[in-house]
Amino acid sequence: DTEVTQTPKHLVMGMTNKKSLKCEQHMGHRAMYWYKQKAKKPPELMFVYSYEKLSINESVPSRFSPECPNSSLLNLHLHALQPEDSALYLCASSPLYSGTSGTSYEQYFGPGTRLTVT
Amino acid sequence: DAKTTQPPSMDCAEGRAANLPCNHSTISGNEYVYWYRQIHSQGPQYIIHGLKNNETNEMASLIITEDRKSSTLILPHATLRDTAVYYCIVKSIREASGSRLTFGEGTQLTVNP
């Protein structure tokens, strides 16, 4: 199974709502990522989790709160978002570097959640 | 990470080879060239990577110049489903995992019937 799944596919929320995005992988990857992609722009990294611990936060506003409850799941909790936060939110996973030759360590991406904030 | 430069767009006829160039003149010795693509409204997809030798897999071939300052991704028989934005990314293997992928603007490849 080389799939990263994301739910929901689409989400519309008001600025006072609280919602969560979910990501799941069963490839045994110990690195998981959240990216944000605005229309016609490349993806931009938001967070990285390594061994279920937050290792990189790209100065993301606190209205985005990531959580990694176990090695297969990654959540992104959303609260008090702004209309400019409307975007495609992509989850990815990859193995963590181990020095094993022949491993490409590529990131596997999910299909994304299309978020609209009204 | 070394900076990459790609043409913003390219066209290719269906069934013909698509050759996508990438310049990475500041690449350092331990950095690999990775290629990803993103079909409209889907997540990016890994294609291939290489250090200095040419590489081939079931999706594409990667040709890296001897001085490693540029590379070309080759889709040997492009189909309409290959229409996508193609990203060239330079990264060390160690930093490829657990770190950011810095996507540039990429090349929009349009395969025409």
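What counts, and at which threshold
Residues numbered from 1 in each chain as written. Chains lettered and ligands numbered in written order. Predicted model: local features only at pLDDT ≥ 70, side-chain atom pairs only at ≥ 80, totals over all residues. Heavy atoms only, no water. Helix = DSSP H or I, 4+ residues; strand = E, 2+ residues; numbered from the N terminus. Rg over C-alpha atoms; globule rule 2.2 N^0.38 Å. Buried < 20%, exposed > 50% of the residue type's maximum accessible area, 1.4 Å probe, protein only. Contact = heavy atoms within 4.5 Å. Polar contact = N/O pair within 3.5 Å; in protein donor to acceptor, adjacent residues only side chain to side chain. Pairing = 2+ DSSP bridges. Axes fitted to C-alpha atoms, helices over the stretch in contact; angles between N-to-C directions. Disulfide = S-S within 2.5 Å.

Chemist: Go over the overall build of chain B with me, naming the residues and quoting the values.
Modeler: When you go through chain B residue by residue, the secondary structure sums to 1 helix and 9 strands. When the elements of chain B are put in sequence order from the N terminus, they spell out β-β-β-β-β-β-β-β-α-β. Against the compact-globule benchmark of 13 Å for 113 residues, chain B has a radius of gyration of 13 Å, which places it among compact chains. On the principal axes, the C-alpha backbone points of chain B span a range of 40 × 30 × 25 Å. Among the 113 residues that make up chain B, the fraction classed as buried is 48%. A separation threshold of at least 6 residues defines the contact pool for chain B, and within that pool the share at least 24 residues apart is 58%.

Chemist: Mind laying out the overall build of chain A, listing which residues take part and the relevant values?
Modeler: Regarding its fold elements, chain A presents 0 helices and 11 strands. For chain A, the sequential pattern of α-helices and β-strands runs β-β-β-β-β-β-β-β-β-β-β. Scaling as 2.2 N^0.38, a compact globule of 118 residues should have a C-alpha radius of gyration of about 13 Å, and chain A matches this with 14 Å. Within chain A, the proportion of its 118 residues that are buried is 48%. Long-range contacts, defined as pairs at least 24 residues apart, comprise 56% of the intrachain contacts of chain A with a sequence gap of at least 6.

Chemist: Which residues make up the side chain of Arg37(B), and what values do they have?
Modeler: All names here are of chain B. Assignment of secondary structure puts Arg 37 in strand β3 (residues 31-38). Since its relative accessible area comes to 10%, Arg 37 is described here as buried. In this structure the side chain of Arg 37 is engaged in a polar contact, spanning 2.8 Å, whose partner is the side chain of Asp 82.

Chemist: Explain the pairing of β3(B) to me, using residue names and the numbers behind them.
Modeler: All names here are of chain B. In terms of burial, β3 is a largely internal element, 7 of the 8 residues being buried. In terms of strand pairing, β3 meets strand β4 (residues 45-50) through 5 bridges, oriented antiparallel. Paired with Tyr 34 across the two strands is His 49, which belongs to β4. Count of turn residues in the β3/β4 antiparallel hairpin: 6 residues, of which Ser 41 carries a positive phi of about 65°.

Chemist: Describe in detail the sheet that holds strand β7 (residues 64-70) of chain A, supporting the description with residues and values.
Modeler: All names here are of chain A. An order of β1-β3-β8-β7 is seen for the 4 strands of this open sheet, with the pairing classed as antiparallel. Because the sheet does not close on itself, it has two edges, and the strands there are β1 (4-7) and β7. Ignoring which end each strand starts from, the neighbouring axes of this sheet average 20° apart. The sheet contact formed by β1 and strand β3 (residues 18-25) spans 4 bridges and is antiparallel. Paired with Gln 6 across the bridge in β3 is Cys 23.

Chemist: Give me the lowdown on the state of the cysteines, citing residues and values where you can.
Modeler: All names here are of chain A. Summed over the entire model, instances satisfying the criterion amount to 2 disulfides over all chains. In this model, Cys 23 is linked to Cys 91 through a disulfide, with the two sulfur atoms separated by 1.8 Å. Residues Cys 23 and Cys 91 are joined by a disulfide whose S-S torsion is about -70°; by sign, that bridge is left-handed. Of this pair, Cys 23 sits in strand β3 while Cys 91 sits in strand β9 (residues 87-94); the two residues are 68 residues apart in sequence, bridging distant segments of the chain.

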